[in-house]
Amino acid sequence: MTWPQLNYLAGRWRDLPPAWRFAAASAVALLVWTFSSKALQDILVFGAFFFALTRAGLGAGAWKQPAGIAFIVVALHLVLSLTLSEHPRLSLRDFSGLLEVLAGAFAIPVLFNTRKKIAAALFYSAVAVALTLGYDLARLACHLGPTLLAKGHVFTPFILNHANVASMMAGAAIFVFFQHGLHVIAKHNCCPSSVVCHLSSVICRLSSVLVCLLGILICLAHMVMMASRGPQLAFALAVAGAGLLIPSRGGKLLWFLIMVLGAGTLIVNIEHVNPRFMEKKSMSTFSERDKVWQHTWNLSKQHPWFGYGYGKRTFEAVYYSTQPPKSIFHYPHTHQFWLKLLFEFGWTGLALHLAAWLILGIGLVRCVFAQPTFTDRLLPGTVGIILCFIHLYGLGDYPDNIVMMAQFWLVPAALVLMKKQEDEHAA
């Protein structure tokens, strides 16, 4: 497809009524996130990858930054480590499933190479999550009725692979809706050409804000219904950290006081917010995750430098062949992000991953605080907050399924935002 053809299609897209564009973009986002295991998503993501190959120069600048280079090194190390795996065939099978994530990561800086496009991609992803969870709330209410709060956490089949996955995606969507809603409120049209134009703009902005409020309510309700403790704790900490985006010291102090009051209220009423926090046995052993953590740590000390190899299949093969502690749970992975990296790649791989995430984090923080106003900080700040949210969750569990996909697709999104900030300074 040539550039004139693309420009023509882009023009036709912009000419569509806003409602049509909203519906079409939301449908694409649903294919990506809700139907992630279907062939349609494969066609969409790999199609975007092959198209991006023909326009690779558009995304090259994002990857040429220190953080981008660091993650390229991580990806190359992952590929090379496949030959060192204890079970090469199992690692290769799991790696084949990761190809789609890598393909999407390559395509993102090409297809979404501006702040506006990144913001749109985040917004429609959040809409897809809210639509999916809204459907799930209706499904749970229909099946469980008055026992919804008590049994929602264990009711199967899960809508997004697992209750934890759904809760994590709900939390991420809330941050995006908050960012988009504030951006719409702050945005203003100067010198409208007519009263009709002004009214149309007001109606459009009001509709966007209402969509964001509805999305936040749906996602919050689903997080409460799922009663997943890890995502809820990580979300609370991420919300508290969001106050750092406020430019003024007085604003930060006020946010801190609000968070302290809110935390106190939640702790006092925790049995009503999520009764699962009152389960002393599961809380003291982290639902027996202490067993898999301890045994994985002991195994990692036997292969300290290069680990056992990539993938959940390799982990299960090694873990269950070494007489692990008895548990009522089956462990498909280490239930801890950094411990998983240590088990798979040893200290060398862990160091490379840690360096990449630190370089990205420092660059993103600089990008955020280089913005003059709170509104300007919201977009890169939201990407940073969601990444913090996922990493906080990763301290007690492994960000699996589409949460892992979101985690690594946010990397090129952050790189694009950082690159645009550098370009503005250079100009």
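A few points on the structure. (Residues numbered from 1 in each chain as written. Predicted model: local features only at pLDDT ≥ 70, side-chain atom pairs only at ≥ 80, totals over all residues. Heavy atoms only, no water.)

1. What to know about the packing of aromatic side chains
Between two aromatic rings, the relevant description is the distance of the centres plus the angle of the planes. Using the following cut-off: Two rings from Phe, Tyr or Trp (for Trp, the six-membered ring) form a pair when their centres are within 6.5 Å of each other. A pair whose planes differ by under 30 degrees is stacked, one over 60 is edge-to-face, and the rest are tilted.
Overall, the coordinates contain 21 aromatic pairs when judged by the stated rule. Relative to Phe50, the ring of Phe49 has its centre 5.3 Å away and its plane inclined at 65°; by these criteria the two rings are edge-to-face. Grouped by ring-pair contacts, the aromatic residues Tyr308, Phe315, Tyr319, Tyr320, Tyr331 and Phe343 constitute a single cluster.

2. Let's talk about the environment of Met418
Quick reminder of the rule: Only DSSP runs of H or I covering at least 4 residues are called helices, and only runs of E covering at least 2 are called strands; the numbering of each starts at the N terminus. Relative accessibility under 20% of the residue-type maximum defines a buried residue, over 50% an exposed one, and the middle range a partly exposed one, all with a 1.4 Å probe and only protein chains included. Contacts between residues were defined by any pair of non-hydrogen atoms, one from each residue, lying within 4.5 Å.
On the secondary structure map, Met418 appears in helix H19 (residues 401-426). Met418 gets classed as buried once you look at its relative accessible area, which sits at 8%. Remark: the alpha-carbon pair of Met418 and Ser321, spanning 97 residues in sequence, is separated by 45 Å. When near neighbours in sequence (up to four residues on either side) are disregarded, Met418 contacts Gln65, Ala67, Leu360, Gly363, Leu364 and Cys367.

3. Describing helix H15 (residues 289-302)
To be explicit about the condition: By this rule, a helix spans an expected 1.5 Å times one less than how many residues it contains.
The end-to-end C-alpha distance of H15, which contains 14 residues, comes to 20 Å, matching closely the 20 Å that a straight helix rising 1.5 Å per residue would cover. Turning to H15, its buried residues are Arg289, Val292, Trp293, His295, Thr296, Leu299 and Ser300. Those residues of H15 that are buried lie in contact with helix H9 (163-186), helix H16 (312-319) and helix H17 (337-369).

4. Describing the nonpolar core
Selection rule: Residues belong to one nonpolar core when they are buried, are Ala, Val, Leu, Ile, Met, Phe, Trp, Tyr or Cys, and are joined through side-chain atoms within 4.5 Å.
Counting residues in each nonpolar core, the largest one holds 98 residues, and the members touching the most others are Trp33, Met169, Phe177, Leu360 and Trp409. Those residues within four positions of Trp409 in sequence are excluded, and the remaining contacts are Val32, Trp33, Val45, Glu100, Val101, Gly104, Ala105 and Ile108. Listed in part, the 8 residues of the second largest apolar core include Leu137, Leu140, Leu144 and Met226.

5. Details of the side chain of Arg289
Short version of the rule: Pairs of N or O atoms within 3.5 Å make up the polar contacts considered here, provided that, within protein, one atom can donate a hydrogen while the other can accept it, and that residues adjacent in sequence are counted only when both atoms are side-chain atoms.
As for its placement among the helices and strands, Arg289 is situated in helix H15. At 3.1 Å, the side chain of Arg289 and the side chain of Asp397 are in polar contact.

6. Some words on the packing of H15 against H16
Going by this rule: Interaxial angle, 0 to 180 degrees, is taken between N-to-C directions of lines fitted to C-alpha atoms, where a helix line uses only the stretch in contact. Here roughly perpendicular refers to angles of 65 to 115 degrees, roughly parallel to angles under 35, roughly antiparallel to angles over 145, and oblique to all remaining angles. Ten residue types, Ala, Val, Leu, Ile, Met, Phe, Trp, Tyr, Cys and Pro, are classed as nonpolar, four, Asp, Glu, Lys and Arg, as charged, and the remainder, Gly among them, as polar.
Packing of H15 against H16 brings their axes to within 11 Å, and their N-to-C directions diverge by 85°. Classed by the angle they form, the pair H15 and H16 counts as roughly perpendicular. Residues Lys291, Val292, His295, Thr296 and Leu299 of H15 lie in contact with H16, whose contacting residues are Phe315, Val318 and Tyr319. By residue class, the composition of the contact of H15 with H16 is 5 nonpolar, 2 polar and 1 charged.

7. Overview of the pattern of salt bridges
Operational definition: Note on definitions: salt bridges are taken to be side-chain nitrogens of Lys or Arg within 4 Å of carboxyl oxygens of Asp or Glu.
In total, this model carries 7 salt bridges according to the counting rule given. Arg139 is paired through a salt bridge with Asp136; the nearest N and O atoms lie 2.6 Å apart. Placement of both Arg139 and Asp136 in helix H7 (residues 115-144) is noted, with a separation of 3 residues, approximately one turn of the helix. Take Arg139 and Asp136: they sit in the same class, and that class is buried. In this structure, Asp400 and Lys312 form a salt bridge, with 2.8 Å as the shortest nitrogen-oxygen distance. Of the two residues, Asp400 is situated in the loop between helix H18 (374-394) and H19 and Lys312 in helix H16; the sequence distance between them amounts to 88 residues. Given the relative accessible area of 16%, Asp400 is considered buried.

8. Re helix H6 (residues 88-111)
Formally: Take the seven residues that end at a residue and the seven that start at it, fit an axis to each, and the angle between those axes is the bend at that residue.
For H6, which comprises 24 residues, the first-to-last C-alpha distance of 34 Å matches the rise-based estimate of 34 Å (1.5 Å per residue) to within 8%. Along H6, the sharpest kink reaches roughly 35°, centred on Gly97.

9. Here we look at the packing of H15 against H17
Convention followed: Two helices crossing with the near one rotated counterclockwise from the far one by less than a right angle form a left-handed crossing, whereas a clockwise rotation gives a right-handed crossing.
The contact between H15 and H17 brings their axes to 10 Å, and the two run at 10°. As far as their axial angle goes, H17 and H15 are roughly parallel. For the pair H15 and H17, the crossing hand works out as left-handed. Facing H15, whose interface residues are Trp293, Thr296, Trp297, Leu299 and Ser300, H17 presents Leu339, Leu342, Phe343 and Trp347. For the contact of H15 with H17, the per-class residue count stands at 7 nonpolar, 2 polar and no charged.

10. Quick look at the environment of Ser287
Looking at where Ser287 falls in the secondary structure, it is placed in the loop between helix H14 (280-284) and H15. On a C-alpha basis, the gap between Ser287 and Phe329 in space is 8.7 Å, while along the polypeptide they are 42 residues apart. Once you skip the residues sitting within four places of it in the chain, Ser287 turns out to touch Arg229, Ser282, Phe329 and Tyr331. For Ser287, the side chain forms a polar contact with the side chain of Arg229, separated by 3.2 Å.

11. Here we look at the state of the cysteines
To keep things clear, this is the line we draw: Pairs of cysteine sulfur atoms within 2.5 Å are identified as disulfides in what follows.
According to the stated counting rule, one finds 0 disulfides in the structure shown. The structure places no disulfide on Cys212, whose sulfur is separated from the nearest cysteine sulfur, that of Cys219, by 11 Å. Judged by its relative accessible area of 2%, Cys212 is buried.

12. Quick word on a nonpolar patch on the surface
Rules: Patch definition: residues above 30% relative accessible area lacking any salt bridge, with like charges linked at up to 9 Å and the nonpolar side chains Val, Leu, Ile, Met, Phe, Trp and Tyr linked at up to 5 Å. A 1.4 Å probe and the Shrake-Rupley method give the accessible areas. Residues count as covered only by the protein chains that appear here.
Among the surface-exposed residues, Leu84, Trp297, Trp305, Phe306 and Trp347 lie close enough to one another that they form a single nonpolar patch of about 590 Å² accessible area. Looking at the secondary structure, you find Trp297 in helix H15.

13. A closer look at unusual backbone geometry
Peptide bonds are mostly trans, and most non-glycine residues show a negative phi. Geometrically, the link from Thr156 to Pro157 is a cis peptide bond, its omega value of 5° lying close to zero. By secondary structure assignment, the location of Pro157 is in the loop between helix H8 (148-151) and H9. Phi angles above zero are rare outside glycine, and Glu288 is one such case at about 65°. Take Glu288: it is sitting in the loop between H14 and H15. The buried category is assigned to Glu288, whose relative accessible area is 14%.

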